[in-house]
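Listed below, chain by chain, are the residues.
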Amino acid sequence: QVQVVESGGGLVQAGGSLRLSCAVSGRIFSINAMGWYRQAPGNQRELVAAVTSGGSTNYADSVKGRFTISRDNAKNTVYLQMNSLKPEDTAVYYCNADLRVTYYRRNAYWGQGTQVTVSS
């Protein structure tokens, strides 16, 4: 059993900052990429940022220079530091972990989502 638990969402004014955390626990052999996605009402879920096990990162153009993704491999945790937030960043943010529960079994696991609301 694998658990993916996000925390850190909330309400913030435009220009403010929030830090999201996502902890992965349970029967884990290894974790490959970890990432953050978001979904606003009426929109498809989109990639915000991702980080590989080696530390390579990838960002959506809309958040480059404002958001920073990082991970602590010892804690199986990924973070998303969000600065200079804009109202258009308002969405439910989901954590995704691409991991192996055994050497041969690889799947993607999702958290339950955390709401981020940015007021103008």
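Residues numbered from 1 in each chain as written. Predicted model: local features only at pLDDT ≥ 70, side-chain atom pairs only at ≥ 80, totals over all residues. Heavy atoms only, no water.

1. So, the sheet that holds strand β3 (residues 18–26)
Okay, so step 1: Across the sheet, 4 strands lie side by side as β1-β3-β8-β7; this open sheet has antiparallel pairing. Taken across any chain shown, the strands that pair with only one partner, and hence form the sheet edges, are β1 (2–7) and β7 (67–72). The mean angle between the axes of side-by-side strands here comes to 15°, regardless of whether they run parallel or antiparallel.
Okay, so step 2: As judged from the 6 bridges shared by β3 and strand β8 (residues 77–82), these two strands associate in the antiparallel manner. Across the sheet, the residue bridging to Arg-19 is Gln-81, located in β8. (Pairing = 2+ DSSP bridges. Helix = DSSP H or I, 4+ residues; strand = E, 2+ residues; numbered from the N terminus. Axes fitted to C-alpha atoms, helices over the stretch in contact; angles between N-to-C directions.)

2. What to know about the state of the cysteines
Okay, so step 1: Applying the stated criterion across every chain yields a total of 1 disulfide.
Okay, so step 2: Paired by a disulfide, Cys-22 and Cys-95 hold their sulfur atoms 2.1 Å apart. The S-S bond linking Cys-22 to Cys-95 shows a torsion near -80°; that makes this disulfide left-handed. Taken together, the residues span a long stretch of sequence, with Cys-22 in strand β3 and Cys-95 in strand β9 (residues 91–100) at a distance of 73 residues. (Disulfide = S-S within 2.5 Å.)

Treat this as a map of the structure, not an account of what it does.
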